[in-house]
Amino acid sequence: MNKPNPYSSVMQIAARPDIVFVSGRGGWLVDDQDRKYLDFIQGWAVNCLGHCPTQVTQAVSKQVNTLINASPAFYNNVMLNLADSLVRHSCLHQVFFANSGAEANEGAIKLARKWGQLHKGGANKIITFNNAFHGRTLATMSASAKAQFEPLFEPKVSGFTKVPFNDLSALQQAIDPMTVAIMLEPIQGEAGVIPAQLEFIAGVRQLCDQYDLLLILDEIQTGIGRTGSLFAYQQYAIEPDILTLGKGIAGGLPLAALLAKDKFCCFAHGDQGGTFNGNPLVSAAGQAVLDTVADAEFLAQVQHLSDYLREGLMQLSTSFNLGEVRGSGLLLALETGSLDATDIVRQALQKQLLLNAPRPHTLRFMPALNVSEQEISEMLKTLAAILGSLVTAKS
């Protein structure tokens, strides 16, 4: 008699390995066989303070006994405090809370189109960039430019113009009277950690001012300290009109945010909403994370750890004749040259190290922002052994 499949009740939307995790602490996960894994994915940059950080667990434990959900039809004190904190630390003025980055980006698209309807003659087109990733709702998949998405779920949402990333000339040529906004990631994470060039971002801001367009920055992956500043836009010396946050904002709980400047906050009552949005439980987690990550000393330590990890990756690249190391803060990538990054990830898993390959020849590193130098060194040592064996096998 065949043994029943223990995973059969879960819809198969990803090629998950036959591992079941049961606990986690800091940089480590533990499976149901009591094996420990060093985690340099951290939920795709979600667990910004590692697994089960004390700040978050204490805040949630306190809140769960106080108030879990007051309904989005009412204010609650935790939501108000977190919104005030985000506004105080950013250049934006108002916050809409959501449950996922895709939902926040969907809200940004809606807000831009509503503003275009009211103030720009019905303009509704949004320019996005090749290889962008903005989410998996129908509209955010339409805004993305991921080759795998192209044939899926047609017809998609119209009104998105795609141009090459870091190409100001192509961007300017794509602007027409029906364009309302430009939407981009400061670092294209799913594309392989491709940073926007400083002069490109400055040029985008200038074009938005010149043509009366909204600048939407998708900081789902780059925000909340991931790049070494609280928000990545601060490193570019520009201000967005609309900003989206997610992933690390609540340290592992489902929370995202859409922020906008006052003059672009044009939703009427009923235009936007969400049953769980802004609930006190996840807002308490978000406040605990923001109180930790916004600290200048914490961000300085992120930069130090970034330098430490970058130096180690560059040494590996030199030793094994690999490619570029790029990115910012603790969102870094290593080009693996002729080596198959997916194979490296598979071998790392066998050695109980969790890595990610967003592209066939790219490794992406997204450890907790409070990862230790010892953990970085252990990861580099394991990765070096894998690379050495692969290079030897090819020679």
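1. Quick look at the overall build of the protein chain
Piece 1. When helices and strands are counted, the protein chain shows 11 helices and 17 strands.
Piece 2. For 395 residues, the compact-globule formula gives about 21 Å, and the C-alpha radius of gyration of the protein chain, at 21 Å, lands near that figure.
Piece 3. If one aligns the C-alpha atoms of the protein chain with their principal axes, the spans along those axes are about 60 × 55 × 55 Å.
Piece 4. For the protein chain, the residues scored as buried account for 53% of the 395 residues in total.
Piece 5. Here the protein chain contributes 29 positively and 35 negatively charged side chains, and the mean placements of these two sets differ by 5 Å.

2. So, the pairing of strand β1 (residues 21–25)
Piece 1. Bridge count between β1 and strand β2 (residues 28–31): four bridges; the pairing is antiparallel. Paired with Gly24 across the bridge in β2 is Leu29.

3. Side note on the state of the cysteines
Two cysteines form a disulfide when their sulfur atoms are joined by a covalent bond.
Piece 1. Taken as a whole and assessed by the stated rule, the structure comprises zero disulfides.
Piece 2. Here Cys52 stays unpaired: no disulfide links it, and the sulfur of Cys48, its closest cysteine neighbor, is 13 Å away.
Piece 3. Relative accessible area serves as the criterion here: at 39%, Cys52 is assigned to the partly exposed category.
Piece 4. We note that Cys266 lacks a disulfide partner, and the nearest cysteine sulfur, in Cys265, lies 7.7 Å from it.

4. Some points on helix α7 (residues 198–211)
Piece 1. Given a rise of 1.5 Å per residue, 14 residues ought to cover 20 Å, and the 20 Å separating the end C-alpha atoms of α7 matches this to within 8%.
Piece 2. Packing partners of the buried residues in α7 comprise β5 (125–129), α6 (168–174), β7 (179–184) and β10 (214–219).
Piece 3. One or two residues past the end of α7 sits Asp212, with phi positive at roughly 60°.

5. Re the sheet that holds β1
Piece 1. In spatial order, the strands read β1-β2-β3-β15; together these four strands make up an open sheet with mixed pairing. With partners counted over all chains shown, the strands left at the sheet margins are β1 and β15 (353–354), one partner each.
Piece 2. With three bridges connecting them, β2 and strand β3 (residues 36–39) associate as antiparallel partners. Note on β3: the bridge partner recorded for Trp28 is Leu38.
Piece 3. Across the sheet, helix α11 (residues 373–394) is in contact with β2, β3 and β15; its angle to β3 comes to roughly 100°.

6. What about unusual backbone geometry?
Piece 1. The omega torsion of the bond from Glu154 to Pro155 falls at -5°, within 30 degrees of zero and hence cis.
Piece 2. Of note, Pro155 is situated in the loop between α5 (138–143) and β6 (160–163).
Piece 3. Unlike most non-glycine residues, Ser71 shows phi in positive territory, near 85°.
Piece 4. Not every positive phi belongs to a glycine, and Ile224 is a case in point at roughly 60°.
Piece 5. As for its placement among the helices and strands, Ile224 is situated in the loop between β10 and β11 (242–245).

7. Things to note about the pattern of salt bridges
Piece 1. Applying the stated criterion across every chain, the model contains 11 salt bridges.
Piece 2. For the salt bridge of Asp271 with Lys114, the shortest nitrogen-to-oxygen distance reads 2.4 Å. Of the two residues, Asp271 is situated in the loop between β12 (256–260) and α8 (280–293) and Lys114 in helix α4 (residues 101–119); the sequence distance between them amounts to 157 residues.
Piece 3. For Asp271, a relative accessible area of 29% corresponds to the partly exposed category.
Piece 4. Between Lys261 and Glu239 there is a salt bridge; the shortest N-O distance is 2.5 Å. Residue Lys261 is found in the loop between β12 and α8, and its partner Glu239 is found in the loop between β10 and β11; the two are separated by 22 residues along the sequence.
Piece 5. Among the residues examined, Lys261 registers a relative accessible area of 14% and is labelled buried.

What counts and how
Residues numbered from 1 in each chain as written. Predicted model: local features only at pLDDT ≥ 70, side-chain atom pairs only at ≥ 80, totals over all residues. Heavy atoms only, no water. Helix = DSSP H or I, 4+ residues; strand = E, 2+ residues; numbered from the N terminus. Rg over C-alpha atoms; globule rule 2.2 N^0.38 Å. Buried < 20%, exposed > 50% of the residue type's maximum accessible area, 1.4 Å probe, protein only. Lys, Arg positive; Asp, Glu negative; His and termini not counted. Charge placed at Lys NZ, Arg CZ, Asp CG, Glu CD. Pairing = 2+ DSSP bridges. Disulfide = S-S within 2.5 Å. Expected span 1.5 Å × (residues − 1). Contact = heavy atoms within 4.5 Å. Axes fitted to C-alpha atoms, helices over the stretch in contact; angles between N-to-C directions. Salt bridge = Lys/Arg side-chain N within 4 Å of Asp/Glu carboxyl O.

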